[in-house]
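# A look at the structure
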Amino acid sequence: MGSGSGKPRVLVPGARGMLGRAMAALLEERGFPVTAVDLPEFDITRPSDIRLWMAQDRPLAIINCAAMTAVDAAETEQELALAVNREGPAHLARAAASAGIPLLHVSTDYVFNGTKPGPWVEDDPVDPINFYGSSKLEGERPVLDHEYGTVVRTSWLFGPGGPNFVRTIATKLKGGETVEVVDDQRGCPTSTRALAQALLTLLESGKPGLYHFCQPPAVTWCEFARAIADSLGVPAQRVRPTTSDRWPRPARRPANSVMATAKYERMAGTPVPSWEFELMNYLAGDL
Ligand SMILES: NC(=O)c1ccc[n+]([C@@H]2O[C@H](COP(=O)([O-])OP(=O)(O)OC[C@H]3O[C@@H](n4cnc5c(N)ncnc54)[C@H](OP(=O)(O)O)[C@@H]3O)[C@@H](O)[C@H]2O)c1
């Protein structure tokens, strides 16, 4: 069933996740018929689920928002990470190729090792330093091998409906706590709403390939936390800088994961807007 609206039906796996809900909502707002699916009814590791929904709903594009995103847990739950982040996109790519339809898939800044002093571009060498990053990297190839496959690497997502850094810090600050935040990892926060818009722009452009999409300005986590404090009217002294070695975690994080978005901007014909406005909007609503 294409659609009565004249717009193509889009299949959105992972539609109840943080990005997935923003993606499904944006598509609906723009008049696209959406097949919004998630676990347990649609498991991207099960080709039979993909076949069933493709046959039933006949989508004309897939935007995959499903992933195993627990970065620290992926160090020990490696089989699950590989099944969801490597095999899942490969199954979706096969299904998209056999139906002759576009597949857009989301990857991560964690494919890089963090040692480059400047922003990472799409053809910089990849070298993930944690298992999540390597499982996501392995999911990129099958999508890019598909003639109509697009991979968008993004970073530091925030938006309604998911645990994320903004929600964690805002909840603590509102509760009167002082927070210690690492000041030696630099990256680009990105709102799920802005990323969903970029994915739709890419879908409509008909220009598949590998893109970076994240929002300026680049900051450290501590600087980002200060911006959250500022938006909440909380004094900046309630956010204290610390270093990664004082916060040992199972998975290592890259020191610099800032990505260049010039390729996306050339395709879209417009600069990527800053995350600051999105942050204010997000903090003003339900976290
Ligand atoms: N969050 C970030 O900061 C960040 C940064 C860079 C890149 N990304 C990438 O951006 C994308 C969206 O991330 P997100 O933060 O929106 O993730 P999320 O909130 O964790 O959402 C992922 C969704 O996928 C579902 N899912 C898990 N395994 C599945 C499976 N086998 N089949 C179908 N659905 C499955 C999850 O269900 P359950 O909750 O039930 O597991 C969840 O609803 C992912 O590709 C992620 O790797 C995220």
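Attention in this report is confined to the structure presented alongside it. For clarity, every value in this text was computed on a predicted model and none was experimentally measured. The numbering scheme is per chain: residues are counted from 1 as the chain's sequence reads. With the structure being a predicted model, the display of local features is reserved for residues of pLDDT at least 70 and the display and counting of side-chain atom pairs for 80 or more, all residues being used for whole-chain, interface and lining totals.

## Here's the deal with the nonpolar core
The tendency in soluble globular proteins is for nonpolar side chains to be buried side by side. Residues Val12, Met23, Ile63, Leu199 and Ile228 are the most contacted members of the largest nonpolar core, which totals 83 residues. If we ignore the near neighbours within four places in the chain, the residues touching valine 12 are Gly20, Met23, Ala24, Val34, Thr35, Ala36, Val37, Ile63 and Cys65. By our criterion, buried Ala, Val, Leu, Ile, Met, Phe, Trp, Tyr and Cys residues that link up through C-beta atoms within 7 Å make up a nonpolar core. Three classes are used. A residue is buried when 20 or more other C-beta atoms lie within 10 Å of its own, exposed when 12 or fewer do, and partly exposed in between, with C-beta atoms placed from the backbone. What counts as a contact is two residues whose backbone-derived C-beta atoms lie within 7 Å of each other.

## So, the site of the ligand
For each residue, a C-beta position is placed from the backbone atoms; the residue is near a molecule or strand when that point lies within 6 Å of it. Residues in close proximity to the ligand total 28 residues, the closest being Gly14, Gly17, Leu19, Ala66 and Ala67. Going through the elements one at a time, helix H1 (18-29), helix H3 (78-99) and strand E4 (103-108) are the ones with two or more residues in the shell around the ligand. A run of DSSP states H or I qualifies as a helix once it reaches four residues; a run of E qualifies as a strand once it reaches two. Both are numbered from the N-terminal end. Element by element, the count of residues in the shell around the ligand is highest for H1, at three residues. In the scheme used here, Gly and all other residues not listed as nonpolar or charged are polar, with Ala, Val, Leu, Ile, Met, Phe, Trp, Tyr, Cys and Pro taken as nonpolar and Asp, Glu, Lys and Arg as charged. Classifying every residue of the shell around the ligand by side-chain character gives 14 nonpolar, ten polar and four charged.

## Section: the packing of helix H5 (residues 165-174) against helix H7 (residues 221-232)
One way to put it is that H5 packs onto H7 with a least axis distance of 10 Å and a crossing angle of 55°. In this view, H5 runs oblique relative to H7, as classed from their interaxial angle. Pair H5 / H7 crosses with right-handed handedness. Residue-level inspection shows Phe165, Val166, Ile169, Ala170, Leu173 and Lys174 of H5 in contact with H7, the latter providing Trp221, Phe224, Ala225, Ile228, Ala229 and Leu232. A breakdown of the residues in the contact of H5 with H7 according to their chemical character gives eleven nonpolar, no polar and one charged. Every angle, taken between N-to-C directions, lies between 0 and 180 degrees, and every axis is a line fitted to C-alpha atoms, over only the stretch in contact when it is a helix. If an angle is under 35 degrees, it is roughly parallel; if it is over 145, roughly antiparallel; if it lies from 65 to 115, roughly perpendicular; otherwise it is oblique. Here a crossing is called left-handed whenever its near helix is offset anticlockwise from the far helix by less than a right angle, and right-handed whenever the offset is clockwise.

## Overview of the sheet that holds strand E2 (residues 34-37)
For sheets, the rule is that strands pair by backbone hydrogen bonds, running either parallel or antiparallel. In short, DSSP must find at least two bridges between two strands for them to pair. Ordered in space as E2-E1-E3-E4-E5-E10, the six strands form an open sheet in which the pairing is parallel. A strand with exactly one partner marks an edge of an open sheet, and here the two such strands are E2 and strand E10 (209-212). On average, each strand axis in the sheet is tilted by 20° relative to the strand beside it, whichever way the strands run. Where strand E1 (residues 10-13) and strand E3 (residues 61-64) come together, two bridges link them in parallel fashion. Its bridge partner lying in E3, leucine 11 is registered against isoleucine 62. Helix-sheet contacts for helix H6 (residues 192-205) involve E3, E4, strand E5 (149-154) and E10, and the interaxial angle to E5 is about 155°.

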